[in-house]
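# Structural features, examined
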Amino acid sequence: MKLQLLKVSKDQISSFSARQDTTPNTNNRWHYHPEIELVYFKKGQGTQFIGDSISPFLPGDVVLVGADTPHYWQFDLSGENVQDGLSADVSVIHFNELFWGETFLKLPENKIIGNIFEKSKRGISLSKSSGRKIGPLIEKIVTAEGCRKIILLLEVLLAIGECKESKLLASIGFRNNFQEEEKDRINAIYNYSINNFKKNISLKEISTVANISPNSFCKFFKSRSRKTYSQFIREIRIGHACKLLIDDKLAIKEICYESGFNNFTSFHKHFKMIKGKTPLGYQKSFVRDSL
């Protein structure tokens, strides 16, 4: 999961890139790029890592990720989520903030769009109801031609700006501060953690993965991620628990252990601390918001 500058390709007759992905994990690595990214998940689910945020993504989600904000989507490829040979249907738009000219965003009528671009540096996720309205418009951008393509993008950005139920994902002040020479180390830590979060990862174990001493690891990880490694693992586990709560196929106590927690009281405490509500409250709020 190498953090790298991704070069976004576009054809010679378009001012920005718009495509449909039907294969999951098309860019399954921790990456960033100077283009703003707009994503609509019509089909597919999993875990999204945006800045220092870890949360589930589900069919119907719309996410806007700002320029140079690191991000990564890990699709859930379990059998029940792969049907009819089509395990993903994702519309992806990449565009440079200034592709329509340097003066465009300075127009007073476009102040709302400029504000959205600033907020997108933390990643913006829309409510389910807004996603249902905006998602089809994003799909149209992929197939539209000529000036209509730009008009549709403006309509989508305006709708995002007017959405009353959007939320910012990364923490306040998050910045991509990984040094070039450190990226392989960060990638190794993230990759190992995402694949092994259900078990107890010792400090010695993860320090070996990072190829530094245990004492140096603690200082290094916190200075780069603005959180302790224990907190990082808890957030991955809670993100996984959120997916299981949304699926509603396991009892909450089963979800606790399936997510890597060994104690239900600890699971309940950390879930509420990270999500601001109990596991049951989170589950009920998702059902309510989906109606």
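That block above? That's the structure.
Residues numbered from 1 in each chain as written. Predicted model: local features only at pLDDT ≥ 70, side-chain atom pairs only at ≥ 80, totals over all residues. Heavy atoms only, no water.

As summarised here, the arrangement of the six strands in space is 2-9-4-7-10-11, forming an open sheet in which the pairing is antiparallel. The sheet is open, and its two edges are formed by strand 2 (17-21) and strand 11 (167-168), each paired on a single side. Strand direction decides the pairing type here: strand 4 (residues 36-43) and strand 9 (residues 89-95), joined by seven bridges, are antiparallel. Residue Lys43 lies in a different strand from strand 9, and its bridge partner there is Asp89. (Pairing = 2+ DSSP bridges. Helix = DSSP H or I, 4+ residues; strand = E, 2+ residues; numbered from the N terminus.)

Taking 1.5 Å per residue as the helical rise, helix 4 (residues 183-196) with its 14 residues ought to reach 20 Å, and the 20 Å between its terminal C-alpha atoms agrees with that figure. Turning to helix 4, its buried residues are Lys183, Ile186, Asn187, Ile189, Tyr190, Ser193 and Ile194. Seen along its axis, helix 4 keeps its buried residues to an arc of 165°; they face one direction. Turned more than 90 degrees away from the buried face of helix 4 sit Asp184 and Asn195, all of them exposed. Residues of helix 4 that are buried sit in contact with strand 3 (31-32), strand 5 (46-50), strand 8 (71-75), helix 5 (203-210), helix 6 (214-225) and helix 7 (229-247). (Expected span 1.5 Å × (residues − 1). Buried < 20%, exposed > 50% of the residue type's maximum accessible area, 1.4 Å probe, protein only. Arc of directions from axis to C-beta. Contact = heavy atoms within 4.5 Å.)

Let us look at the pattern of salt bridges. Taken as a whole and assessed by the stated rule, the structure comprises seven salt bridges. The closest approach of N and O atoms between Arg148 and Glu155, which form a salt bridge, is 3.7 Å. Assessed through its relative accessible area of 40%, Arg148 is described here as partly exposed. Take Glu155: its relative accessible area is 33%, and that puts it in the partly exposed class. With a closest N to O distance of 2.8 Å, Glu205 and Lys199 form a salt bridge. Using a relative accessible area of 21% as the deciding quantity, one classes Glu205 as partly exposed. Judged by its relative accessible area of 37%, Lys199 is partly exposed. (Salt bridge = Lys/Arg side-chain N within 4 Å of Asp/Glu carboxyl O.)

Here we come to the pairing of strand 9. Most of strand 9 sits out of view: seven of its seven residues are buried. On strand 9, burial covers both faces: Asp89, Ser91, Ile93 and Phe95 on one face and Val90, Val92 and His94 on the other are all buried. Where strand 2 meets strand 9, five bridges bridge the pair, whose relative direction is antiparallel. If you follow Ala18 over to strand 9, its bridge partner there is Ile93.

By size, the foremost hydrophobic cluster in this structure holds 27 residues, and its most contacted members are Leu38, Phe95, Phe117, Leu153 and Ile160. Of all the elements in the fold, those that place two or more residues in this core are strand 4, strand 7 (62-65), strand 9, helix 1 (111-119), helix 2 (128-143) and helix 3 (147-162). When residues in this core are grouped by element, the largest group, five residues, is from helix 3. Ignoring any residue separated from it by four or fewer positions in sequence, one finds Phe117 in contact with Ile36, Phe95, Glu97, Trp100, Leu105 and Leu157. In terms of nonpolar packing, the next biggest core, distinct from the first, is built from 20 residues, Ile54, Ile189, Phe217 and Phe220 among them. (Core = buried A, V, L, I, M, F, W, Y, C linked by side-chain atoms within 4.5 Å.)

Bringing the packing of aromatic side chains into the picture now. Under the definition given, this model contains 21 aromatic pairs. Considering the side-chain rings of Phe217 and Tyr229, the 5.4 Å spacing of their centres and the 80° angle between planes classify their relative orientation as edge-to-face. Linking Phe217 in helix 6 with Tyr229 in helix 7, this pair joins segments that are 12 residues apart in sequence. Here the aromatic cluster, defined as three or more aromatic residues joined through ring pairs, consists of Phe16, Phe95, Phe99, Trp100, Phe104 and Phe117. One residue, Arg237, lies across the ring of Phe261, its end atom 5.9 Å from the ring centre. One Lys or Arg, Lys253, reaches over the ring of Phe264 and ends 5.6 Å from the middle of that ring. (Phe/Tyr/Trp six-rings, centres within 6.5 Å; stacked < 30°, edge-to-face > 60°. Lys NZ or Arg CZ within 6 Å of the ring centre and 35° of its normal.)

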